[in-house]
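# Coordinates in review
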Amino acid sequence: MSEELQVQPQSDDRKWSAGLVRLASLTVTAGEISARLGIVADKQFEQGSLVSPCHPAGARRKNSLWLRRSGLPNDSDLADHVRTLVDMLDGCRDELADLSADCEMELVLGFGSENGQGGCALPADLLADVAALGLDIVLDLYPPGPPED
């Protein structure tokens, strides 16, 4: 599971969803992304920082990374996560357009259910709003684990 989403389903028939915005850059620092957008990241990592601080001799990050979650509970509809993130970024269109030259910009969505069933609808107008912000959509699907004996 993507470390950014960190989602735990609550029961066997429960479905969950999560959303975040992820900006990555080889040239713009995570701190600068926060400053330019006027939005504080939930997590940010600078280029060259340790991937795992517990292993000082380990791998270092190749790029800066800025992450902002929707802040909604995991039992919220996926479209609600998207709308919340779009609304959060709506006043930053010019800044996002400027950052797009130097950043990979993604809307990362996670969806799963323990019984393997479920789905969601993302309305066309909402997808148009995502496109207007210049965000690519990454959809992480989590199927149920192997059946128990």
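Here, residues in each chain are numbered from 1, in the same order as that chain's written sequence. Only residues with pLDDT of 70 or above have their local features reported here, since the model is predicted, and side-chain atom pairs are shown and tallied only from 80 upward, although totals for entire chains, interfaces and linings are computed over all residues. For side-chain calculations, the full set of non-hydrogen atoms in the structure is used, while hydrogens and water are omitted.

## Things to note about the sheet that holds strand β4 (residues 103-113)
The five strands are arranged β2-β3-β1-β4-β5 in an open sheet whose pairing can be described as mixed. Bordering the open sheet on either side are β2 (43-45) and β5 (136-142), each of which pairs with just one other strand. Ignoring strand direction, the axes of neighbouring strands in this sheet form an average angle of 20°. For strand β1 (residues 15-25) and strand β3 (residues 64-69), the ladder comprises six bridges, and the chain directions are antiparallel. Across the sheet, the residue bridging to Leu 23 is Trp 66, located in β3. Across the sheet, helix α1 (residues 30-37) touches β1, β2, β3 and β4, and the angle it forms with β3 is around 45°. Between two residues, a contact is recorded if the distance between any of their heavy atoms is within 4.5 Å. Lines fitted to the C-alpha atoms define the axes, with helices restricted to the stretch that makes contact. Angles between their N-to-C directions range from 0 to 180 degrees. Each helix is a run of H or I in the DSSP string that is no shorter than four residues. Each strand is a run of E no shorter than two, and both are numbered from the N terminus. Here helix α2 (residues 78-89) sits on the sheet and contacts β1, β3, β4 and β5; the angle it forms with β1, its principal contact strand, is near 30°. Think of it this way: DSSP has to see at least two bridges between two strands before they count as a pair.

## Re helix α4 (residues 124-133)
Taken together, the buried positions of α4 are Leu 126, Val 130 and Leu 133. Take α4 and look down its axis: the buried residues cluster within an arc of 60°, on one side only. More than 90 degrees from the buried face of α4, the exposed residues found are Ala 124, Asp 125 and Ala 131. Next to the buried residues of α4 lie α2, α3 (93-99), β4 and β5. Once α4 finishes, Gly 134 follows within two positions and takes phi at roughly 80°, a positive value. Burial classes follow relative accessibility: with a 1.4 Å probe on protein chains only, a residue under 20% of its type's maximum area counts as buried, one over 50% as exposed, and anything between as partly exposed. Comment: arc refers to directions from the helix axis out to C-beta atoms.

## Details of the side chain of Arg 22
The residue Arg 22 is located in strand β1 in this model. Any pair of nitrogen or oxygen atoms within 3.5 Å is treated as a polar contact; in protein, a donor-acceptor pairing is required on top of that, and neighbouring residues in sequence qualify only through side-chain atoms on both sides. A distance of 2.8 Å separates the side chain of Arg 22 from the side chain of Glu 106, its partner in a polar contact.

## Concerning the packing of aromatic side chains
Note on aromatic contacts: the rings of Phe and Tyr and the six-membered ring of Trp form a pair at centre separations within 6.5 Å, being stacked when their planes are under 30 degrees apart, edge-to-face when over 60 apart, and tilted otherwise. This model, assessed by the stated rule, comprises zero aromatic pairs. Across the ring face of Phe 45, the terminal group of Arg 61 is positioned such that the distance to the ring centre comes to 3.9 Å. Criterion for a charge above a ring: Arg CZ or Lys NZ at most 6 Å from the ring centre, at most 35 degrees from the ring normal.

## Re α2
Taking 1.5 Å per residue, twelve residues should reach 16 Å; α2 reaches 17 Å between its end C-alpha atoms and fits that length. Those residues of α2 not exposed but buried are Leu 78, Ala 79, His 81, Val 82, Leu 85, Val 86 and Leu 89. Here the buried residues of α2 occupy an arc of 155° about the axis, which is enough to place them on one side. Buried positions along α2 lie against β1, β3, α3, β4, α4 and β5. At the N-terminal boundary of α2, the capping side chain belongs to Asp 77, with an oxygen 3.0 Å from the backbone nitrogen of Ala 79. By this rule, a helix spans an expected 1.5 Å times one less than how many residues it contains.

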